[in-house]
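Structural overview for review
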Amino acid sequence: MNKILMVSTLLALSACNNHESGRPSEAAKPAPPAANSAETHAKQAVQLFFKTCVATGADEKALAGVAAQGKLLLLNEAQKQEFNFEPQARQVWGAHTQEGGRFFLVSGKQYCSVKAKTADPQTIEQEMAQLAAQTADSLGVKAEKVKEEVSPDIPTAKQTAYALQPKGQPNEILLVVHTDSNPQAPAQAALNFHWVPVK
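What counts and what doesn't
- Residues numbered from 1 in each chain as written.
- Predicted model: local features only at pLDDT ≥ 70, side-chain atom pairs only at ≥ 80, totals over all residues.
- Heavy atoms only, no water.
- Helix = DSSP H or I, 4+ residues; strand = E, 2+ residues; numbered from the N terminus.
- Contact = heavy atoms within 4.5 Å.
- Areas by Shrake-Rupley, 256 points an atom, 1.4 Å probe, with all protein chains shown as cover.
- Buried < 20%, exposed > 50% of the residue type's maximum accessible area, 1.4 Å probe, protein only.
- Polar contact = N/O pair within 3.5 Å; in protein donor to acceptor, adjacent residues only side chain to side chain.
- Phe/Tyr/Trp six-rings, centres within 6.5 Å; stacked < 30°, edge-to-face > 60°.
- pLDDT = per-residue confidence, 0-100.
- Expected span 1.5 Å × (residues − 1).
- Disulfide = S-S within 2.5 Å.
- Pairing = 2+ DSSP bridges.
- Axes fitted to C-alpha atoms, helices over the stretch in contact; angles between N-to-C directions.

Glancing now at the overall build of the chain. Broken down by element type, the chain carries six helices and eight strands. Ordering the α and β elements of the chain from the N terminus gives α-α-α-α-β-α-β-β-β-α-β-β-β-β. By sequence separation, contacts in the chain at least 24 residues apart represent 56% of the contacts at least 6 residues apart. Total accessible area computed for the chain in this model is approximately 10800 Å², and 53% of it derives from carbon and sulfur atoms.

Right, dumping it as structure tokens:
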């Protein structure tokens, strides 16, 4: 499967998911107070990650189009310097929801990331495990969990990674999930999409 066909497949999967789960505008309707929680923000983060990073295959041009369509706020260089973004970050957008979720969408070369200020770690991990399996199934491959470990320096932080290798591709997809149960952490979740050379 070539990369263009793979992206088309993921976009089709995204459209199907939108039909089943409701459009973003519908998800943004006022919710009861109980929904204003870390669990809700976790689900919103994974949904944003799916509709941006996964559905576009981390293609920078496609990501910019999705961000513009969603009316996300593009940060300028001065605004980007206020936050400790990774070196590969080229463009960064900010987003928030009526339920109180605060997110950043980061775009780079063969790289995409969604960061959530607040997000329940367990919900993030469960949702991302399902997303990895769903994405692998749509590509006709398997999702292999290649890492799951707690940070030796930050006991509240955990990293889980899934590898997906589309057929005929020299690179594989690496979905990396970073969570931190500390409510004072700069971001309680970071969901990363990488294209990396097959080992």
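From this point, the narrative continues.
The next thing to look at is the environment of Y111. Structurally, the position occupied by Y111 is in strand β4 (residues 111-116). Y111 gets classed as buried once you look at its relative accessible area, which sits at 4%. The sequence separation of Y111 and N192 amounts to 81 residues, and the corresponding C-alpha distance is 7.4 Å. If we skip the residues at most four places from it in the chain, Y111 touches A58, E86, Q88, V106, N192, F193 and H194. In this structure the side chain of Y111 is engaged in a polar contact, spanning 2.4 Å, whose partner is the side chain of E86.

A separate point is the packing of aromatic side chains. Taken as a whole, this structure holds four aromatic pairs when the rule is applied. Between F85 and F104 the ring centres are 5.2 Å apart and the planes differ by 90°, which places this aromatic pair in the edge-to-face class. Of this pair, F85 sits in the loop between α5 (77-81) and β2 (91-96) while F104 sits in strand β3 (residues 102-108); the two residues are 19 residues apart in sequence, bridging distant segments of the chain. Looking at F85, the relative accessible area reads 14%, which means it is buried. Linked through ring pairs, F83, F85 and F104 together constitute an aromatic cluster.

Here the focus is the confidence of the model for the chain. Atomic detail in the predicted coordinates should be set aside for any region of low pLDDT. Counting all residues, the mean pLDDT for the chain is 85, and 82% of those residues have values of 70 or more. Confidence over residues 1-35 falls short of pLDDT 50; this stretch has 55 contacts with residues more than four positions distant or in other chains.

Here the focus is helix α6 (residues 121-139). When the terminal C-alpha atoms of α6 are compared, their 27 Å separation across 19 residues agrees well with the 27 Å that a helix rising 1.5 Å per residue should span. Regarding α6, the residues found buried are P121, T123, I124, M128, L131, A132, T135, A136 and L139. Two residues or fewer after α6 comes G140, characterised by a positive phi angle close to 75°.

Once that is clear, we can look at the state of the cysteines. Overall, the coordinates contain one disulfide when judged by the stated rule. Two residues share a disulfide in this structure: C53 and C112, whose sulfurs sit 1.9 Å from each other. Here the S-S torsion is close to -65°, and the disulfide linking C53 with C112 is therefore left-handed. Within this pair, whereas C53 is found in helix α3 (residues 38-56), its partner C112 is found in strand β4, the two being separated by 59 residues in sequence. By relative accessible area, C53 is classed as buried at 0%.

We now examine the sheet that holds β4. Read from one edge of the open sheet, eight strands run β1-β2-β3-β4-β8-β7-β6-β5, paired in antiparallel fashion. Two strands bound the open sheet, and with one partner strand each, they are β1 (73-74) and β5 (144-150). Summarising the sheet, β4 and strand β8 (residues 189-197) pair through six bridges and their orientation is antiparallel. Residue pairing across strands places V114 opposite L191, the latter belonging to β8. Each of β2, β3 and β4 is contacted by helix α4 (residues 60-69), which is oriented at about 150° to β3, the strand it contacts most.

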